[in-house]
Amino acid sequence: MQCNNAMEPNEILVLLKTPPAERPALFARANKVRKENMGDEVFLRGIIEFSNICANKCAYCGIRAPNTKVRRYRMSDDEILEVAKRMPEWGQTTIVLQSGEANSVEENKRIGKIVARIKKETSLAVTLSCGNRTKDVYAYWRGCGMDRYLLRFETSDPELFSKLHPDCTLEERLQCLRSLRDVGAQVGSGFMIGVPGETLEILARNIQICCEFDLDMIGIGPFIPHPDTPLAGTLNAYHDDTDMYFVAVAVLRIVNPDAHIPATTAFDAVFPGHEGRNLVLQRGANVFMPNNTPKAYRGDYLLYPDKPCVDEDTGDCSLCILGRLNLLGREVGTGPGHTRKKR
Ligand code: SAH
C-alpha cells in the first residue's frame, strides 16, 4: 500500500481532533492498519549512543554543546564492535549508531571506518544517526556500507524550527533528507510531539511531511523539558492531555500505512514502567529500539530527564523486550527489517 497521499492536511487535523470518547476506536484503527501492512513482527534495532560530543545548541537537548554539566565521552571502535557482535544473539538485526553532532573530517572518517568494520564482521544492517552532513559525506558512509539514516526534522514550522535550532534551518535539514535519498540510503525522520509553540495545525503538517517524503522510517516522541536547557520549565503543548501523544502516533500510522514506526524511548519517560512503549506498540508502532549503550555511558546521554533503563547494562533491554513482546502477543522480526516501500 502506498503512502496515503490522498489525505489532505485538514483531514489529518480532523483525525487529530478526535474527541476523547472516540480515541479508543482511533487507536484500534491504527493497530489494524499496522497489522494489515506490517504484520505482527516487531523489529529490534539495537541502539548504541556511541558519543555525546556535540557542537550544536539545540534548545531542547540535554547534550547540547553549552551544557557544561555533561561529562563528554566517545566509545572506542573496539567497544562498539564488542556490543555489535553480541546483537544477533539477542534477536537484533539492525545496529543504530547515534551521537551528538561532531562534524569534522576526522570524525566522519572514523564513522565510515566503523560502519565498514561492522558490515565486514557481522550480519547487521547499519543505521547511522549523527546529524546534518553534506551529500558527499552521506555518499561516503553509504559506500562504507551504511544502509539507513535517522535524522528527525523535529518540527515542520520554519520559524519554530529556527527558534529551536540556532545552528541550521528547516530547509537545510530537509535537504539532508533529500541527499540521503539520493545516495540510496533508507531514510528515517520524524519529529517531537508538543514542543512549546506547536499547534495542532503544525502537528498535522508534521505528519503530512512524513508522507510527502515517503519516509521509510518515522520516529516521533513527546518533547520532555530538560532542566539544563533554554526550555527548562516550559511545558509540553499537550501536558494537560497526554493521550495526544498516542493520538499523534495513531494518526501517523493511518497516514503512513507501510512505514516502519518505532515505539520511542521518550514514551517510557512520560509513562514509566514500560507502559508508554507497550501502548505505542498497540497503537501503530512496529519497531522497538533496545538501548545497547554500556552502563558506564548511559547516564551521560540524557537528551531529556527520566530516561528509562539508565541503571541497566548492555543486553538487559534486549532481554526485557523479549518478555514484553510475548505478553503483547507479538513476534520478534526476523530478517534485516529493511523498508517495505517499493520504489
Ligand atoms: N545528533 C543527532 C541525534 C539526536 S538525538 C541528530 O541531531 O539527529 C535523537 C532525538 O532525540 C532528536 O532527534 C530529538 O527529536 C530527540 N530529543 C532530544 N532532546 C529531546 C527532549 N528534550 N525531549 C524529547 N526528545 C528529545
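No experiment lies behind these values; they were computed from the predicted model shown.

Conventions and cut-offs
- Residues numbered from 1 in each chain as written.
- Predicted model: local features only at pLDDT ≥ 70, side-chain atom pairs only at ≥ 80, totals over all residues.
- Heavy atoms only, no water.
- Helix = DSSP H or I, 4+ residues; strand = E, 2+ residues; numbered from the N terminus.
- Rg over C-alpha atoms; globule rule 2.2 N^0.38 Å.
- Buried < 20%, exposed > 50% of the residue type's maximum accessible area, 1.4 Å probe, protein only.
- Contact = heavy atoms within 4.5 Å.
- Lys, Arg positive; Asp, Glu negative; His and termini not counted.
- Charge placed at Lys NZ, Arg CZ, Asp CG, Glu CD.
- Near = heavy atom within 4 Å.
- Polar contact = N/O pair within 3.5 Å; in protein donor to acceptor, adjacent residues only side chain to side chain.
- Areas by Shrake-Rupley, 256 points an atom, 1.4 Å probe, with all protein chains shown as cover.
- Nonpolar A, V, L, I, M, F, W, Y, C, P; charged D, E, K, R; others polar.
- Pairing = 2+ DSSP bridges.
- Right-handed = clockwise from strand over helix to strand, strands pointing away.
- Disulfide = S-S within 2.5 Å.
- Salt bridge = Lys/Arg side-chain N within 4 Å of Asp/Glu carboxyl O.
- Phe/Tyr/Trp six-rings, centres within 6.5 Å; stacked < 30°, edge-to-face > 60°.
- Lys NZ or Arg CZ within 6 Å of the ring centre and 35° of its normal.

1. Details of the overall build of the chain
Inference 1: The helix and strand inventory of the chain stands at 13 helices and nine strands.
Inference 2: Scaling as 2.2 N^0.38, a compact globule of 343 residues should have a C-alpha radius of gyration of about 20 Å, and the chain matches this with 19 Å.
Inference 3: Here the C-alpha coordinates of the chain stretch approximately 50 × 40 × 40 Å along the principal axes.
Inference 4: Burial statistics for the chain: of 343 residues in total, 59% are counted as buried.
Inference 5: Relative to all contacts within the chain whose residues are 6 or more apart in sequence, the contacts with residues 24 or more apart total 76%.
Inference 6: In the chain, which carries 43 positive and 44 negative side-chain charges, the distance between the mean positions of the two groups comes to 4 Å.

2. Here's the deal with the site of the ligand
Inference 1: In the neighbourhood of the ligand, 15 residues make up the surrounding shell, with Tyr60, Ser99, Arg152, Glu154 and Ile224 lying closest.
Inference 2: Interatomic distance of 2.9 Å between a backbone N/O atom of Ser99 and a nitrogen atom of the ligand.
Inference 3: Take Glu154: an N or O atom from its side chain is 2.6 Å from an oxygen atom of the ligand.
Inference 4: When isolated, the ligand has an accessible area of 560 Å², and the protein chains bury 91% of it.
Inference 5: Residue classes in the shell around the ligand are distributed as nine nonpolar, four polar and two charged.

3. What to know about the pairing of strand β1 (residues 41-51)
Inference 1: Most of β1 sits inside the fold, with 10 of its 11 residues counted as buried.
Inference 2: Sheet analysis places β1 next to strand β9 (residues 331-332), joined by two bridges and oriented parallel. From the neighbouring strand, Glu41 faces β9, where its bridge partner is Glu331.
Inference 3: When β1 meets strand β8 (residues 287-288), the two strands line up parallel, connected through two bridges. Counterpart to Leu44 in the pairing with β8 is Phe288.
Inference 4: Each parallel crossover has a hand, and the one from β1 via helix α3 (residues 77-86) to strand β2 (residues 94-99) is right-handed.

4. Some remarks on the state of the cysteines
Joining two cysteines, a disulfide is a covalent bond between their sulfur atoms.
Inference 1: Going through the model one piece at a time under the given rule, you end up with zero disulfides.
Inference 2: Cys61 takes part in no disulfide bond, and the closest cysteine sulfur to it belongs to Cys58, at a distance of 6.2 Å.
Inference 3: The exposure class assigned to Cys61 is buried, which follows from its relative accessible area of 14%.
Inference 4: Its sulfur unpaired, Cys144 is 12 Å from the next cysteine sulfur, which belongs to Cys130.
Inference 5: Owing to a relative accessible area of 16%, Cys144 belongs among the buried residues under this scheme.

5. Things to note about the pattern of salt bridges
Inference 1: Taken as a whole, this structure holds 23 salt bridges when the rule is applied.
Inference 2: For Arg74, the salt bridge goes to Glu107, with nearest N and O atoms at 3.0 Å. Taken together, the positions of Arg74 in the loop between β1 and α3 and Glu107 in helix α4 (residues 105-121) put the pair 33 residues apart, joining distant regions of the chain. Considered together, Arg74 and Glu107 belong to a single accessibility category, that of buried residues.
Inference 3: By sharing partners, the salt bridges in this structure join Arg181, Asp214, Asp216, Asp258, Lys341 and Arg343 into a single network.

6. With respect to the side chain of Lys307
Inference 1: Mapped onto the secondary structure, Lys307 falls in the loop between α12 (295-298) and α13 (316-328).
Inference 2: Leaving out residues up to four positions away in the same chain, Lys307 has contacts with Glu49, Thr265, Asn291, Tyr301 and Leu302.

7. Topic: the packing of aromatic side chains
Inference 1: Under the definition given, this model contains eight aromatic pairs.
Inference 2: Seen in terms of ring centroids, Tyr138 and Tyr149 are 4.9 Å apart; in terms of plane orientation they differ by 65°. Their pairing is edge-to-face. With a gap of 11 residues between them, Tyr138 in helix α5 (residues 135-144) and Tyr149 in strand β4 (residues 148-150) connect regions that are remote in the sequence.
Inference 3: A residue is classified by how much of its surface remains accessible, and Tyr138, at 0% relative accessible area, is buried.
Inference 4: The positively charged end of Arg283 is found above the aromatic ring belonging to Phe27, 4.0 Å away from the centroid.
Inference 5: Lying over the aromatic face of Phe246, Arg283 brings its terminal NZ or CZ to 4.9 Å of the ring centre.

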